[in-house]
Amino acid sequence: MSTTLPDDQHALVALDQAFAAAHAASRAGEPPDYRQRVAHLRALLAAVRAQRDRLAEVVSDDFGNRSRHESLLAEVFPTVSSLEHTIGHLKRWMTPEKRSVALPFRPGSARIVYQPLGVVGVISPWNYPVQLALIPLATALAAGNRVLLKPSELTPATGAWLKELLNGLYPADLVEVIPGGPTVGAAFAAKPFDHLFFTGSTRVGGMVMQAAAKNLTPVTLELGGKSPAIVHPSFPVERAADRISAGKLFNAGQTCIAPDYVLIDRARVEPFVAAFAAQVSKRFPRLRQNPDYTAIISPAHQARLEGLLDDAIAKGATAHEVNPAGESFTDSRKHPPVLLTGVSDAMAVMQEEIFGPVLPVVGVADLDQAIAYVNAHPRPLALYYFDRDRRRADGVLARTTSGGACINDTLLQVVQDDLPFGGVGPSGLGRYHGREGFLTFSHHKGVFHQAALNTAGYMSPPYGAAVERLLRWVIGR
């Protein structure tokens, strides 16, 4: 499937028209009720299931090769699971929540009513171009909103498939897909949405937040950063290498929550490198023509990875390339796994999110030094800790701050539908997934219902002895 993006002028006109239609529809009539929302979600669930193979094909077309099984595991399964979870819990989430009433205002009642915000903008990234588009879109629909979706220009085939899929399911004033490049993305972020949801890099996230601020548009920013993996000296090095390599090499490391570097006791740096290489050889006896090993999304991203490696080596790091079949990668977007030892913070690879199959391994004296290293750097989107001692693991969680965490494995926290997902500080702002996603895309309206018999008459002029007694009662002597 070969796809080209529309020219900016046509895309900008389409954006203006789509926003105007969604905005007008969101302000007219009743918001969708429970049955309508569930119908919207079930239609999407059935469509994703039915088109799973085509989905894998278009994503692979954009990547130059994306493992079919990785697409089913990372795009279809999380989307289906999230939709099923939302459908199963939506009625309870929508139910108004009773709140307590202070004694002087009884027998009045108080509750929170959850309402749609209106029109939600979703800007999705290229690395998981289906699930990171459809899960926030579906959650916004579950909350009763209308949605405009801007897919990444780096995955045009997937963007065209999303447009075809969603246009076949929903009216244009409920859901519309706006393809286009950076100019269209900037115009999209500048629209006065009722909420703007962005997944992507920290740098672009700052630009999105600036654009949204001009309209006082609230934002959710799902960003990235450098997620550490800490291995306690007591944890088997082979097991740690198994789980870290699985998380690092899924989608060729192009995952916002991929382990970005490893902190391990100095004596086990070399054994870890050897164990990691053994895991690569077991999983990928060859790389270049292996359909299970995903390519880098673009030549520009390939060049960026090479630049990180060149900088690290020039500054004293040692590169350990893992190339089981001794293949050449000239004229290929496949990139072999590379571990780096002898790294320092002066190297770009220890300053930037890597987003590829390059893994620095940092030797530390002990667990305290590992924790200190993490805390001396920007707060990560994920933290991975390997240790069989539950009390020690809880201590690491208490002493570090990260968007999420996983103990004795990698990535799996993101596919727990009842756990919120999001970053902290430079790794993100806001939460979604499950009920937290529904709340993100909902207005929490506080409502007080006055009872027929009440004390309100004592709280307005003319004031006298009765209100004095009331004040002494509510304030205290």
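In this report, we go over the structure that sits alongside the text. (Residues numbered from 1 in each chain as written. Predicted model: local features only at pLDDT ≥ 70, side-chain atom pairs only at ≥ 80, totals over all residues. Heavy atoms only, no water.)

A few points about the overall build of the protein
Item 1. Within the protein, the regular secondary structure consists of 15 helices and 16 strands.
Item 2. Taken over the C-alpha trace, the protein has a radius of gyration of 26 Å; the compact-globule value for 477 residues is 23 Å, and the two agree within 12%.
Item 3. Principal axes of the C-alpha set define a box for the protein whose edges measure 90 × 60 × 40 Å.
Item 4. Looking at the protein as a whole, 53% of its 477 residues are labelled buried.
Item 5. Sequence separation of at least 24 residues holds for 76% of the intrachain contacts in the protein that already meet a minimum separation of 6. (Helix = DSSP H or I, 4+ residues; strand = E, 2+ residues; numbered from the N terminus. Rg over C-alpha atoms; globule rule 2.2 N^0.38 Å. Buried < 20%, exposed > 50% of the residue type's maximum accessible area, 1.4 Å probe, protein only. Contact = heavy atoms within 4.5 Å.)

Points about the nonpolar core
Item 1. Residues L44, L166, I244, V262 and F272 are the most contacted members of the largest nonpolar core, which totals 88 residues.
Item 2. Contact partners of V262, with chain neighbours within four places excluded, come to A229, V231, I244, F272, L359, P360, V361 and V362.
Item 3. Core analysis: the next-biggest nonpolar cluster, separate from the first, contains 30 residues, L308, M347, V349 and V364 among them. (Core = buried A, V, L, I, M, F, W, Y, C linked by side-chain atoms within 4.5 Å.)

Notes on the packing of aromatic side chains
Item 1. Taken as a whole and judged by the stated rule, the model has 13 aromatic pairs.
Item 2. Centre to centre, the rings of F19 and F193 are 5.3 Å apart; their planes meet at 85 degrees, and the pair counts as edge-to-face. Residue F19 is found in helix α1 (residues 8–26), and its partner F193 is found in the loop between α7 (182–189) and β6 (195–199); the two are separated by 174 residues along the sequence. Take F19 and F193: they sit in the same class, and that class is buried.
Item 3. Over the face of the ring belonging to F63 we find R66, whose NZ or CZ atom lies 4.9 Å from the ring centre. (Phe/Tyr/Trp six-rings, centres within 6.5 Å; stacked < 30°, edge-to-face > 60°. Lys NZ or Arg CZ within 6 Å of the ring centre and 35° of its normal.)

Quick word on the pattern of salt bridges
Oppositely charged side chains may form a pair once their charged atoms are brought near each other.
Item 1. Scanning all chains against the criterion turns up 22 salt bridges.
Item 2. A salt bridge links E164 to R54; the nearest nitrogen and oxygen atoms lie 2.6 Å apart. Residue E164 is located in helix α6 (residues 156–167), and its partner R54 is located in helix α3 (residues 52–63); the two are separated by 110 residues in the primary sequence.
Item 3. Under the relative-accessibility criterion, E164 is labelled partly exposed at 44%. (Salt bridge = Lys/Arg side-chain N within 4 Å of Asp/Glu carboxyl O.)

A few points about the packing of helix α9 (residues 237–249) against helix α10 (residues 269–283)
Item 1. In contact at an axis separation of 8 Å, α9 and α10 are set at 55 degrees when each is read in the N-to-C sense. The orientation of α9 with respect to α10, classified from their angle, is oblique. Considering the relative orientation of α9 and α10, their crossing is right-handed. Here α9 contributes V237, E238, A240, A241, D242, R243, I244, S245, A246 and L249 to the contact with α10, which in turn contributes P271, F272, A275, F276, Q279, V280 and R283.
Item 2. Its residues assigned to classes, the contact of α9 with α10 shows eleven nonpolar, two polar and four charged. (Axes fitted to C-alpha atoms, helices over the stretch in contact; angles between N-to-C directions. Parallel < 35°, antiparallel > 145°, perpendicular 65-115°, else oblique. Left-handed = near helix turned anticlockwise from the far one by under 90°. Nonpolar A, V, L, I, M, F, W, Y, C, P; charged D, E, K, R; others polar.)

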